[in-house]
Amino acid sequence: MRKVYLDNAATTPLLPEVFEAMVPYLKDMYGNPQSLHSWGDDAREAVEEARGKVAALLGADSDEIIFTGSGTESNNFAVKGLAMAQQSKGKHIVASAIEHFSVLHSIRSLEKQGFELTEVPVDKHGLVDPEEVARSIRDDTVLVSIMTANTEVGTIQPIGDISRVVKKSGAIFHTDAVAAVGTIPVDVGELGVDALSLAGNQFYGPKGVGALWIKKGVRIIPFLEGGVQEGGRRAGTENVPAIVGLGRAAELAGAEMKSRIEHLSSIRDKLIEGLPSRIEHSFLTGHPTQRLPGNASFCIEFIEGESMLMLLGHQGIAAASGSACTSRALKASHVLLAMGIPHEVAHGSLLFSLGVTNSMEDIEYVLEILPPIVDRLRSMSPLYAKYSKERNRGN
Amino acid sequence: MPAYSEKVMDHFMNPRNVGEIEDADGIGEEGNPVCGDMMTFYIKVNDNRLSDVKFKTFGCGAAIAVSSIVSEMAIGKTIEEARKITPSVVAKELGGLPKNKYHCSNLGAQALNLAIDDYQRKQGMKVKPRKRRKNDHE
């Protein structure tokens, strides 16, 4: 059976070049970077080289990069660490309604410590309006956190415009760029942000490693305390092989970005064009043009996401859904709901996230396999039956 | 994807008794599309026995499998026997359900019971209205 992996938003595969770079640090180069001998020196040099590569991808300085254990950790660290460091100035935070839970839940935990959140709404395409951010900022706003791009619907935010608004207020601006870094050009200087989160497994690096970029001079409360690693801001023995992998992935992303974007956009557009034309009552979610090159997200009406995923999986296709039934919490995607998509339609969400290992043939396979799956589930759906009866009555 | 038993997968991949009964003797609808699951059961009754049961379901894999097995279990049973198809019996028959999918078995049993209620009402029996299932998604 053909196997087609279209769940790169969950995790990208590890590129062979990245794996090769990591192997020595899983085997012979096992030293602790903090040790004062040649084993330690080798490991330390590898970590610092990786730091340089990640910094280069972002147009940042090496000493502004803090390695973490994941994108989620980077977001927790940024939101909590930046807000706590500023709390003498105020306790108000602004974030968009479609932030990742690692941002929103971190803010929720800060609310228990007296912080307040203003959630900025998004439009039907998932876009944040910089004017809305301006209106949400108060005298006591200390932190604004708006994601660079949304992994579920692909929408890319106008971070540069938002940062001009935030700068006027003097608040710190953090962006969760986990879905963006390594996929689209992200330059911290151009974005004008103060802090930025990224994760290795979003751009063909390993899982279990991320980074937080913090502009020089911006204060943050250390996340893990103990040793002197990462400038004393994130203690704990460095995950050397993963950090080396992250560095190599960053290097490759920088070198190949243009060709990757071209390839991904062309196969994505084939899917975006082909799917709604083959399936009635389906539509693209997210912004039509301001979107991640690998993101093709849809809602398919009258049926539910998990059953679609199961039937796709049966035919070798891996995808994802924002349906309530696919989440352990049984809640429909907060992103789709914030975009004004009704609950019953959000249950029919289907996300294909494309990666560099995908080909045009993969997309053609999906376009061949999916329509009969939709027909099959609709033939079972009481919602579709109701709709059909009403339509027939109308004619 | 939750870990589904082989039997759940079988009933999901090959659901039995999907459809509607045009001249049904009783119809029961449970759940709502906002929650993400909705089932409609249609029954035919002959001599106090369910001679035919059909369903339509909007929902996840578990919801579809539950509908299918409930329909299969109900066909040929007397009204009294069919009333004994409870959520736990359904879940057991399916070889278990993941914890967060257990409510699907409630839905299936409830939809069948509502169809029987509807039939009995049409027969002139007094049937107490049931409480709507709590919206457990929101």
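Just so we're clear, the structure is a prediction, and the values are computed from it rather than from any experiment. (Residues numbered from 1 in each chain as written. Chains lettered and ligands numbered in written order. Predicted model: local features only at pLDDT ≥ 70, side-chain atom pairs only at ≥ 80, totals over all residues. Heavy atoms only, no water.)

## Here's the deal with the overall build of chain B
- Helix and strand content of chain B: five helices and three strands.
- In chain B, the order of α-helices and β-strands from amino to carboxyl end is α-β-β-β-α-α-α-α.
- The C-alpha atoms of chain B give 14 Å as radius of gyration, which agrees with the globular expectation for 138 residues (14 Å, within 12%).
- For the C-alpha atoms alone, the extent of chain B along its principal axes is close to 45 × 30 × 25 Å.
- Residues counted as buried form 54% of the 138 residues belonging to chain B.
- Sequence-distant contacts in chain B: of pairs separated by 6 or more residues, those separated by 24 or more amount to 61%.
- As presented, chain B carries roughly 6200 Å² of accessible surface, and 50% of it is formed by carbon and sulfur atoms. (Helix = DSSP H or I, 4+ residues; strand = E, 2+ residues; numbered from the N terminus. Rg over C-alpha atoms; globule rule 2.2 N^0.38 Å. Buried < 20%, exposed > 50% of the residue type's maximum accessible area, 1.4 Å probe, protein only. Contact = heavy atoms within 4.5 Å. Areas by Shrake-Rupley, 256 points an atom, 1.4 Å probe, with all protein chains shown as cover.)

## A few points about the interface of chain A and chain B
- Taken residue by residue, the interface counts 28 residues in chain A and 31 residues in chain B.
- For the pair chain A and chain B, the number of links is three salt bridges.
- For E306 of chain A, the salt bridge is made with K101 of chain B, and the minimal N-O distance between the two is 2.8 Å.
- Linking chain A with chain B are 12 residue pairs in polar contact (both at pLDDT 80 or more).
- The set of elements that each furnish at least two residues to the side of chain A that touches chain B consists of α9 (305-314), α11 (343-346), α12 (360-380) and α13 (382-394) of chain A.
- At six residues, the largest contribution of residues to the side of chain A that touches chain B is made by α9 of chain A.
- When the residues that make up the side of chain A that touches chain B are grouped by side-chain class, the tally is 13 nonpolar, seven polar and eight charged. (Salt bridge = Lys/Arg side-chain N within 4 Å of Asp/Glu carboxyl O. Polar contact = N/O pair within 3.5 Å; in protein donor to acceptor, adjacent residues only side chain to side chain. Nonpolar A, V, L, I, M, F, W, Y, C, P; charged D, E, K, R; others polar.)

## Considerations on the state of the cysteines
- Summed over the entire model, instances satisfying the criterion amount to zero disulfides over all chains.
- The thiol of C60 of chain B is not disulfide-bonded; the next cysteine sulfur, from C104 of chain B, is found 3.8 Å away. (Disulfide = S-S within 2.5 Å.)

## Here's the deal with the pattern of salt bridges
Residue and element names in this part refer to chain B.
- For the structure shown, the criterion picks out 32 salt bridges over all chains.
- In this structure, E93 engages K7 in a salt bridge whose closest nitrogen and oxygen atoms are separated by 3.4 Å. Of this pair, E93 sits in helix α4 (residues 87-93) while K7 is found in helix α1 (residues 6-13), placing the two residues 86 residues apart along the sequence.
- Residue K7 is classed as partly exposed on the basis of its relative accessible area, which comes to 34%.
- The shortest N-O distance in the salt bridge between E20 and K56 comes to 3.5 Å.

## Side note on the side chain of E99 of chain A
Residues and elements named next belong to chain A.
- Counting through the fold element by element, E99 comes out in the loop between β3 (92-96) and α4 (101-111).
- No salt bridge forms around the buried E99; measuring N to O, its nearest opposite-charge neighbour R108 is 12 Å away.
- Side chain to side chain, E99 and S96 meet in a polar contact 2.7 Å long. (Lys, Arg positive; Asp, Glu negative; His and termini not counted.)

## Here's the deal with the nonpolar core
Residue and element names in this part refer to chain A.
- Within the largest apolar cluster, 70 residues are counted, with the highest numbers of intra-cluster contacts made by L58, V133, L196 and F203.
- Among the elements that make up this core, the one with the highest residue count is helix α8 (residues 240-278) (10 residues).
- Apart from residues lying up to four places away in sequence, V133 is in contact with V120, V128, V144, I146, I162, V165 and V166. (Core = buried A, V, L, I, M, F, W, Y, C linked by side-chain atoms within 4.5 Å.)

## Digging into the sheet that holds strand β6 (residues 172-176) of chain A
Residue and element names in this part refer to chain A.
- One open sheet holds the seven strands; their spatial order is β2-β8-β7-β6-β5-β3-β4, and the pairing between them is mixed. Each edge of the sheet is formed by a strand with only one pairing partner; in this case those strands are β2 (65-68) and β4 (116-120). Strand-to-strand twist in this sheet, taken as the mean axis angle between neighbours without regard to direction, amounts to 20°.
- In the sheet, β3 pairs with strand β5 (residues 141-145) via four bridges, with the strands oriented parallel. Of the residues in β5, the one forming a bridge with A95 is S145. (Pairing = 2+ DSSP bridges. Axes fitted to C-alpha atoms, helices over the stretch in contact; angles between N-to-C directions.)

## Here we look at the domain arrangement of chain A
All names here are of chain A.
- For chain A, the assigned domains read domain 1 (4-10 + 257-394) and domain 2 (16-253).
- A straight line from the C-alpha centre of domain 1 to that of domain 2 covers 29 Å.
- In this assembly, 25 residues from domain 1 lie in contact with 31 residues from domain 2.
- Considering only the surface of domain 1 that becomes buried against domain 2, M257, L292 and H334 emerge as the three largest contributors, covering 28% of it.
- Our count for the domain 1 to domain 2 interface comes out at zero salt bridges.
- Run the count over domain 1 and domain 2 and you get 11 residue pairs in polar contact (both at pLDDT 80 or more).
- Counting residues per element, the side of domain 1 that touches domain 2 draws most heavily on helix α10 (residues 334-338), which supplies four residues. (Domains from an automatic or database assignment. Buried area = accessible area lost by both parts, 1.4 Å probe.)

## Quick word on the side chain of S71 of chain B
Residues and elements named next belong to chain B.
- Here S71 shows up in helix α2 (residues 61-74).
- Classification of S71 by relative accessible area gives buried; the value is 0%.
- A polar contact of 2.9 Å, which involves the side chain of S71, links it to the side chain of N17.
- Apart from the residues lying within four places of it in its own chain, the contact partners of S71 are R16, N17, F41, V53 and F55.

## Regarding the packing of aromatic side chains
- Overall, the coordinates contain six aromatic pairs over all chains when judged by the stated rule.
- Put simply, the rings of F302, Y384 and Y387 of chain A pair up and form one aromatic cluster. (Phe/Tyr/Trp six-rings, centres within 6.5 Å; stacked < 30°, edge-to-face > 60°.)

## Here we look at the pairing of strand β7 (residues 195-199) of chain A
All names here are of chain A.
- Most of β7 is tucked away, with five of its five residues classed as buried.
- Side chains A195, S197 and A199 of β7 all project onto a buried face; the interleaved residues L196 and L198 project onto the opposite face, where all are buried too.
- Pairing of β6 with β7, which is carried by three bridges, proceeds in the parallel orientation. Each residue of the ladder has a partner; that of H174, found in β7, is A195.
- Sheet topology places β7 next to strand β8 (residues 210-214); five bridges connect them, and they run antiparallel. Within the sheet, the bridge partner assigned to L198 lies in β8 and is A211.

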